[in-house]
Amino acid sequence: GLDNQLFINDLSEIPKIFEQLYSFHYGLAHLGRISIRNTMLRLMGSWTGGFSAVNIFTGLKNVIPVLHRPEVSSLQYNSPGHIELNLLPDLAQSVQDVSVRIENEFIYDRLEKIYKNNYTYFKDKDLSGFDEGGGSELRNIDSETTENLRKRVRIFFRCLGWKTYQAQFDMIGAHPLQQLRAVMAYYRRLKTLREYIVADKLFIGHSRVPVEQITVNTEN
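Parameters and conventions
Residues numbered from 1 in each chain as written. Predicted model: local features only at pLDDT ≥ 70, side-chain atom pairs only at ≥ 80, totals over all residues. Heavy atoms only, no water. Helix = DSSP H or I, 4+ residues; strand = E, 2+ residues; numbered from the N terminus. Buried < 20%, exposed > 50% of the residue type's maximum accessible area, 1.4 Å probe, protein only. Contact = heavy atoms within 4.5 Å. Areas by Shrake-Rupley, 256 points an atom, 1.4 Å probe, with all protein chains shown as cover. Pairing = 2+ DSSP bridges. Salt bridge = Lys/Arg side-chain N within 4 Å of Asp/Glu carboxyl O. Core = buried A, V, L, I, M, F, W, Y, C linked by side-chain atoms within 4.5 Å. Axes fitted to C-alpha atoms, helices over the stretch in contact; angles between N-to-C directions. Parallel < 35°, antiparallel > 145°, perpendicular 65-115°, else oblique. Left-handed = near helix turned anticlockwise from the far one by under 90°. Patch = residues over 30% accessible without salt bridge, like charges linked within 9 Å, V, L, I, M, F, W, Y side chains within 5 Å. Lys, Arg positive; Asp, Glu negative; His and termini not counted. Charge placed at Lys NZ, Arg CZ, Asp CG, Glu CD. Phe/Tyr/Trp six-rings, centres within 6.5 Å; stacked < 30°, edge-to-face > 60°.

### Some points on the overall build of the protein chain
A tally of regular secondary structure across the protein chain gives nine helices and two strands. Helices and strands appear in the protein chain in the N-to-C order α-α-α-β-β-α-α-α-α-α-α. Taken over 220 residues, the protein chain has a buried fraction of 45%. Taking the contacts inside the protein chain whose residues are at least 6 apart along the sequence as the reference set, 74% of them involve residues at least 24 apart. As displayed, the protein chain offers around 11,300 Å² of accessible surface, 51% of which is attributable to carbon and sulfur atoms.

Right under this line is the structure:
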């Protein structure tokens, strides 16, 4: 659902970010497939800065079969409006669940503290962070730092309500630093959607447009 004042860039950014989150969930849900597991490992292991974060989501989108990619089935905007997508129900629900979860102020505040604390930790340990490249290579990271990074990934997963995803994520075989970078890139996109949600501009999973009106507009 869409409502209130939106601009052209909003109407392009909202579905783009949603597709990126959906692609990430698709990857996590299908890690049993060797091709997807290897793709995630390759994407997470070739970090050179912010461009690599974009590549993670683009790469995951490309491994989704065309049949399963988000497809627009209806779109209208005259406040209220909506973008209706054909999606795999379980994955659509997983994106909706995490968007509802981050809407909670307590959970959001905790995630923000974790995010900022991780960024500080990266700087202190001379680890390449979310946007920048360079820093220490994986082979130079000691066991204590590796374990600390692993704990940070688990804490972040718990805050996102991803208990079932943790074991699947470990299947990738990526270093905890690579895992943390990927999850933080996901979070940054999620919190951009949150800004629309808390401003009553975006309603994931439902629309303010009456069902009968949607049907009429779709038929037209």
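Once the structure has been displayed, the description carries forward.
### Observations concerning the pairing of strand 2 (residues 81–86)
Bridge count for strand 1 (residues 71–77) against strand 2 is six bridges, and the pairing is antiparallel. Looking at the pairing, Q76 lines up with H82 of strand 2. Hairpin connection between strand 1 and strand 2: a loop of three residues separates the two successive antiparallel strands, and S79 in this loop has a positive phi of roughly 50 degrees.

### A look at the pattern of salt bridges
Under the counting rule described, the total for this entry stands at four salt bridges. For D3, the salt bridge is made with R208, and the minimal N-O distance between the two is 2.8 Å. Placement of D3 in the segment before helix 1 (8–29) and of R208 in the loop between helix 8 (176–198) and helix 9 (211–219) is noted, with a sequence separation of 205 residues between them. Of the charged contacts, one joins E147 and R150 as a salt bridge, the two residues approaching to 2.8 Å between their closest N and O atoms. Taken as a pair, E147 and R150 lie in helix 6 (residues 143–160) at a separation of three residues, close to a single helical turn.

### Points about the nonpolar core
Ranked by internal contacts, the top residues of the largest apolar core, which has 57 residues, are F24, M40, W162 and F169. Those residues in contact with F169 that lie beyond four places of it in its chain are F24, L28, L31, M40, M44, V153, F157, Q179, A182 and V183.

### With respect to the side chain of Q166
Structurally, the position occupied by Q166 is in helix 7 (residues 163–170). On the basis of relative accessible area, Q166 is assigned to the buried category, the value being 14%. Not counting residues up to four positions away in its chain, the partners in contact with Q166 are V153, R154 and F157.

### Quick look at the side chain of T146
The topology assignment puts T146 in helix 6. On the accessibility criterion, T146 (13% relative accessible area) is buried. With residues up to four places along the chain from it excluded, the contact list for T146 reads I141, H175 and P176.

### Focus on the packing of helix 5 (residues 105–124) against helix 8
For the pair helix 5 and helix 8, interaxial distance at closest approach is 11 Å and the crossing angle is 140 degrees. Between helix 5 and helix 8, the interaxial angle falls into the category oblique. As for how helix 5 packs across helix 8, the hand of that crossing is left-handed. Contact residues: helix 5 offers E105, Y108, L111, E112, Y115, N118 and F122, while helix 8 offers L177, L180, R181, M184, Y187, R188, K191 and R194.

### Some points on unusual backbone geometry
Generally, phi is negative for residues other than glycine and the peptide bonds are trans, each holding for most cases. In the segment running from S79 into P80, the intervening peptide bond is cis, with an omega of 5 degrees. Its identity is not glycine, yet S79 carries a phi of approximately 50 degrees, on the positive side.

### Thoughts on a positive patch on the surface
Together, R101, R110, K151, R154, R158 and K163 make up a positively charged patch on the protein surface. Ranked by the residues each element gives to the positive patch, the list is headed by helix 6, at three residues. Along the chain, R101 turns up in helix 4 (residues 89–103). By relative accessible area, R101 is classed as partly exposed at 31%.

### Observations concerning the packing of aromatic side chains
For the structure shown, the criterion picks out 11 aromatic pairs. A centroid spacing of 6.5 Å and a plane angle of 20 degrees characterise the contact between F18 and Y22, whose relative ring orientation is stacked. One end of the pair, F18, and the other, Y22, are both in helix 1, four residues apart, so they sit about a helical turn from each other. In this structure F18 comes out as buried when scored by relative accessible area, which is 10%. For Y22, a relative accessible area of 0% gives the class buried. Taking 5.4 Å as the distance between ring centres and 75 degrees as the angle between the ring planes, the aromatic pair formed by W162 and Y165 counts as edge-to-face.

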